[in-house]
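Descriptive analysis of the structure
Chain by chain, the residues run as shown.
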Amino acid sequence: MKKIYPNAAAALDGLLHDGMFIAAGGFGLCGIPELLLGAIKDAGTKDLTFASNNAGVDDFGIGILLQTRQVKKMISSYVGENAEFMRQYLSGELELEFNPQGTLAERMRAGGCGIPGFYTKTGVGTVIADGKEHKDFNGETYIMEEGIFADLAIVKAWKADETGNLVFRKTARNFNPPAAMCGKTCVVEVEEIVPTGSLDPDTIHLPGIYVHRLIQGEHEKRIEQRTVRTA
């Protein structure tokens, strides 16, 4: 099965449609599938629902799709660095479902493992628990969260072999592995593709069975916040 495609547009060909549900990896500006997000913008696909920890910033990450009004709903944990995200949410233009970060990661992982729901104490007694099933275990109350089953997963890794085995570098190993798991189709962008068999099996963070399409490209190394101490 051919997994390597020449560019992001080719890798997404035939997969995009209006109203689809996309799981995207990344945390802050680290590990964001920027090339695939750019291709989605260029395709003009709209009314999208994204499950992602955050939406990047105004001109990077999912933020570029907010600018073009292609996103209908965000399932996220943190939205504080994106002024356009905040503006659309407060004006009622964007639907937002808040999830604690650990809960969002576990919802993605659960979906990838075929688990439709699980119980967690996180969010009990808060607005997060509103409308959700409550159940007591050993005298403690838990709420049920549903696994995420996305139409498409887009993620970014550091290195892959030709069969799609992935290695993530440092903090980019955040939401990317669980996001990759929960999509019906997973498309990955990487900095380097190496021959099959050249990766140490013990260093592989996500097996290629989860990866359907793969591209190699140049990526921007952004710093989200820089604080410099005065002399």
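So, here's what we can say about the structure. (Residues numbered from 1 in each chain as written. Predicted model: local features only at pLDDT ≥ 70, side-chain atom pairs only at ≥ 80, totals over all residues. Heavy atoms only, no water.)

What the three strands build is an open sheet, ordered β5-β7-β6; its pairing is antiparallel. With one partner strand each, in any of the chains shown, β5 (117-120) and β6 (134-137) form the two edges of the open sheet. Along the sheet, successive strands turn relative to each other by an average axial angle of 40 degrees, direction set aside. Of the strand pairs in this sheet, β5 and strand β7 (residues 140-146) are connected by four bridges, and their pairing is antiparallel. In the sheet register, G117 faces β7, and the bridge partner there is E146. Lying over the sheet, helix α5 (residues 101-112) contacts β5 and β7, oriented at roughly 155 degrees with respect to β5. (Pairing = 2+ DSSP bridges. Helix = DSSP H or I, 4+ residues; strand = E, 2+ residues; numbered from the N terminus. Axes fitted to C-alpha atoms, helices over the stretch in contact; angles between N-to-C directions. Contact = heavy atoms within 4.5 Å.)

Of all hydrophobic cores here, the largest spans 32 residues; its most connected members are F50, M74 and I154. Not counting chain neighbours up to four residues away, the residues in contact with I154 comprise L12, I22, A23, A24, G25, P33, L36, L37, I40, F50 and V187. Core analysis: the next-biggest nonpolar cluster, separate from the first, contains 25 residues, L104, A180, C182 and V190 among them. (Core = buried A, V, L, I, M, F, W, Y, C linked by side-chain atoms within 4.5 Å. Buried < 20%, exposed > 50% of the residue type's maximum accessible area, 1.4 Å probe, protein only.)

A word on the state of the cysteines. Note on terminology: disulfide describes a covalent bond linking the sulfur atoms of two cysteines. Summed over all chains, the structure comprises zero disulfides. Not engaged in a disulfide, the cysteine C113 finds its nearest cysteine sulfur in C182; these two sulfurs lie 10 Å apart. (Disulfide = S-S within 2.5 Å.)

It is worth spelling out a nonpolar patch on the surface at this point. A cluster of nonpolar side chains, contributed by M86, Y89, L90 and F98, occupies part of the molecular surface with about 420 Å² of accessible area. Take the nonpolar patch: its biggest share by element is three residues, from helix α4 (residues 83-90). With respect to the element layout, F98 can be found in strand β4 (residues 95-98). (Patch = residues over 30% accessible without salt bridge, like charges linked within 9 Å, V, L, I, M, F, W, Y side chains within 5 Å. Areas by Shrake-Rupley, 256 points an atom, 1.4 Å probe, with all protein chains shown as cover. Salt bridge = Lys/Arg side-chain N within 4 Å of Asp/Glu carboxyl O.)

Another point: helix α2 (residues 34-43). For α2, the set of buried residues is E34, L36, L37, G38, A39 and I40. Just downstream of α2, G44 is the residue with a positive phi angle, here 75 degrees.

A word on the packing of aromatic side chains. Overall, the coordinates contain three aromatic pairs when judged by the stated rule. With a centroid separation of 6.4 Å and an interplanar angle of 15 degrees, the aromatic rings of F27 and F175 are classed as stacked. Taken together, the residues span a long stretch of sequence, with F27 in the loop between β1 (21-24) and α2 and F175 in the loop between β9 (166-167) and α6 (176-182) at a distance of 148 residues. On the basis of relative accessible area, F27 is assigned to the partly exposed category, the value being 34%. Note on F175: relative accessible area 5%, which makes it buried. For the pair Y119 and F137, a centre-to-centre distance of 5.2 Å together with 65 degrees between the ring planes defines the contact as edge-to-face. Here F137 lies in strand β6 and Y119 lies in strand β5, a separation of 18 residues in the sequence. Its relative accessible area of 31% is what places Y119 among the partly exposed residues. (Phe/Tyr/Trp six-rings, centres within 6.5 Å; stacked < 30°, edge-to-face > 60°.)

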